[in-house]
Amino acid sequence: MLDNLRQDFINRTTQVVVVNKELEVIDSDNNLFDLKKNSNITDFHPFFYALSTVFEENLQKETFFCVQMEVLSRHYFIDIKTYLQEDDESLVLILNDLTDHYKTVHQIKQVRNESIINFNISQELNQQLEIQRSFKNKFLANVSHEIRTPLNSIVGFISVLENTEITREQLDVLHIIKDSSKNLVTILDDLMDISKIEAGKLDIKNRRFDFREFVEKLAKTYEIRTDDKRLSFDFELSSKIPRFLVGDHLRINQVIVNLLENALKYTHQGGIKFRVTTSSLNARRIPVTFEVTDTGIGIPKEKLDSIFDSFTQLEKRGLFGGSGLGLSIVKQLTDLLESDLEVKSAEGEGSTFSFTVNMGVSHNQKKENKEKKVKRKKKDFKSAKRPRVLLGEDVEVNQLLMLRLFSDYGAYSIDIAKNGERVLEYLDRFPYDLVILDLTMPIMDGLDAAVQIRNSSNKKISKLPIIALTARTSQEEQDAAKEAGMNAYLTKPVDPDLLFTTIERLLSRYKRKDKVLELSEEEE
Ligand code: ADP
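Under the annotation held in an unreviewed UniProt entry, the protein carries the name histidine kinase and is attributed to Dokdonia genika. Recorded in UniProt for the protein, the comment headed Catalytic activity (unreviewed entry) runs: "ATP + protein L-histidine = ADP + protein N-phospho-L-histidine."

Structure (structure tokens):
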């Protein structure tokens, strides 16, 4: 019985053939293929030409795996074993039909190969996307730097001009130029924000802050702005919301300002409503809902989805100004704040944008004394000996601007060195109280100069407060400045008020603590 089964299996899967040196069939059991005696086996299939080599090289035993042949429109995969006979004149071939086996193996291999190929393709695509993204971000950072540098002198000199004697008409023109320059700065900030968000470099920083004051100030600003446009302004701040909350007020501010600016821009009659409410009162965390409603031109239903894409401006609306970046940033910021931005709008009737942020309730609801800003007047400084500031700055217009700002302010004397190396020379020769460094300078840049200052063996030099004043706004640059031991990071266009309050603050802390300061969060 077993013999029968074995024989049956062999008959279905194996064929034995004997060929001579001329590759003529001497014998064959024809289990698989019909091979005529004395016919040349290469006529049956050209693969068998390979057997000549077996004879020529006298290969006693050989195996050819997975030989593919099509016979009578059927596809076979066979293993062929060859045994050279003792007289070397004939060859025994064992043809083993493994079609089913190879087909399954092939399928598995094929699936595996395809998944490997797909994985490689997706990796390749991801790499390409990453390259494109980092190229775009670097490009934006560089363009932003290049534009910020001339803008610095434009904005700076506008504020210098404002403080000179000019006519009312000239002042009005100056204000228009000032507003346009500020818009340019906002667009640059927006571009940088978008690339920071995309690169995952924009973090949410939660801090305790006076929430009610923050919202009330915002409302005050827009009450004036709407009034200028002869629009009404309704403001509602729920009394249930505590004064001190914990959250990222800078980012929340950015979102609200964008929404209020749009409401203002796209509303020509009626008014704007700004509501800040909460739905529940929990001791530790509360959901705060911000809602901006306008009676403006509205957004067509079919366009509602696209308004969040970068550079999207609805047709014929370019005339209202803007870059089409605002809502894209708002959307990404609300995502970061773990909030959903909701829009309801009807064309010709108006729009409502709202979002809810979960905020912590500060356990301390008291106003601390140090939060009250002590504003020192210029004349306080004038009576005392003026602190000496050394500025490292290579661009001539920026040097002129700073000279002018410092001389108008009057509280400090200023010397200017045109690169990092000069800064170090000046520090060796004269006593200074504070150093301001531009980061991008020839010969020795601001970062290297800061490191050298911190490494100085003279403690009067190594402990000097250092402010970075730069057109570079990326997080990497800020981190590098901190790493180099700089105490504050201010970006161009220079804001004179911020510059002088920072100098004042660092100088008073420097005198008090007489030690190297931490880069404080306010200037980050
Ligand atoms: P823009 O700088 O053009 O205002 P945004 O990204 O802020 O760019 O807005 C995208 C588009 O959405 C705008 O161009 C405008 O067409 C539309 N939009 C945004 N807010 C409003 C609104 N409050 N009322 C009507 N249309 C709006």
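Next, the rest of the story.
Peer 1: Please explain unusual backbone geometry as it appears in this structure.
Peer 2: In most cases, non-glycine residues show a negative phi, while peptide bonds are predominantly trans. For the bond from Lys492 to Pro493, the omega torsion is 0°, close enough to zero to count as cis. As for its position among the elements, Pro493 is in the loop between β17 (488–491) and α15 (496–513). Even without being a glycine, Glu338 presents a positive backbone phi close to 55°. Positionally, Glu338 belongs in the loop between α8 (326–336) and β11 (342–346).

Peer 1: I would appreciate a short explanation of the pattern of salt bridges in the present structure.
Peer 2: It is possible for side chains of opposite charge to pair when their charged atoms get near one another. Per the stated rule, a full pass over the model turns up 19 salt bridges. Here Lys178 and Glu162 are joined by a salt bridge, their closest N and O atoms 3.1 Å apart. Taken together, the residues span a long stretch of sequence, with Lys178 in helix α5 (residues 168–198) and Glu162 in helix α4 (residues 99–162) at a distance of 16 residues. Taking relative accessible area as the criterion, Lys178 reaches 24% and is therefore assigned partly exposed. One salt bridge in this structure joins Arg275 and Glu236, with 2.9 Å as the shortest N-O distance.

Peer 1: Is there a simple way to think about the packing of aromatic side chains in this case?
Peer 2: Two aromatic rings are characterised by how far apart their centres lie and by the angle between their planes. Considering all chains together, one arrives at 18 aromatic pairs under this definition. Between the aromatic rings of Tyr426 and Phe430, the centroid separation amounts to 6.3 Å while the plane-to-plane angle is 85°, which identifies the pairing as edge-to-face. Directly above the ring of Tyr432 sits Arg388, whose terminal nitrogen or CZ lies 5.1 Å from the centroid.

Peer 1: Honestly, the sheet that holds strand β3 (residues 61–71) in this entry has me stumped. Any pointers?
Peer 2: In a beta sheet, neighbouring strands are held together by backbone hydrogen bonds and run either parallel or antiparallel to one another. Sheet architecture is open: five strands sit in the order β2-β1-β5-β4-β3, paired in antiparallel fashion. On the outer flanks of this sheet lie β2 (25–28) and β3, each paired with one strand and no other. Each strand axis lies, on average, 25° off the axis of its neighbour in the sheet, ignoring direction. Inspection of the sheet shows strand β4 (residues 74–84) paired to strand β5 (residues 90–97) by seven bridges, in the antiparallel sense. Bridge pairing in β5 links Ile80 to Leu95. Where α4 meets the sheet, it contacts β3, β4 and β5, and its direction lies at approximately 115° from that of β4.

Calculation criteria
Residues numbered from 1 in each chain as written. Predicted model: local features only at pLDDT ≥ 70, side-chain atom pairs only at ≥ 80, totals over all residues. Heavy atoms only, no water. UniProt positions renumbered as here; feature names shortened; annotations may be inferred. Helix = DSSP H or I, 4+ residues; strand = E, 2+ residues; numbered from the N terminus. Salt bridge = Lys/Arg side-chain N within 4 Å of Asp/Glu carboxyl O. Buried < 20%, exposed > 50% of the residue type's maximum accessible area, 1.4 Å probe, protein only. Phe/Tyr/Trp six-rings, centres within 6.5 Å; stacked < 30°, edge-to-face > 60°. Lys NZ or Arg CZ within 6 Å of the ring centre and 35° of its normal. Pairing = 2+ DSSP bridges. Axes fitted to C-alpha atoms, helices over the stretch in contact; angles between N-to-C directions. Contact = heavy atoms within 4.5 Å.

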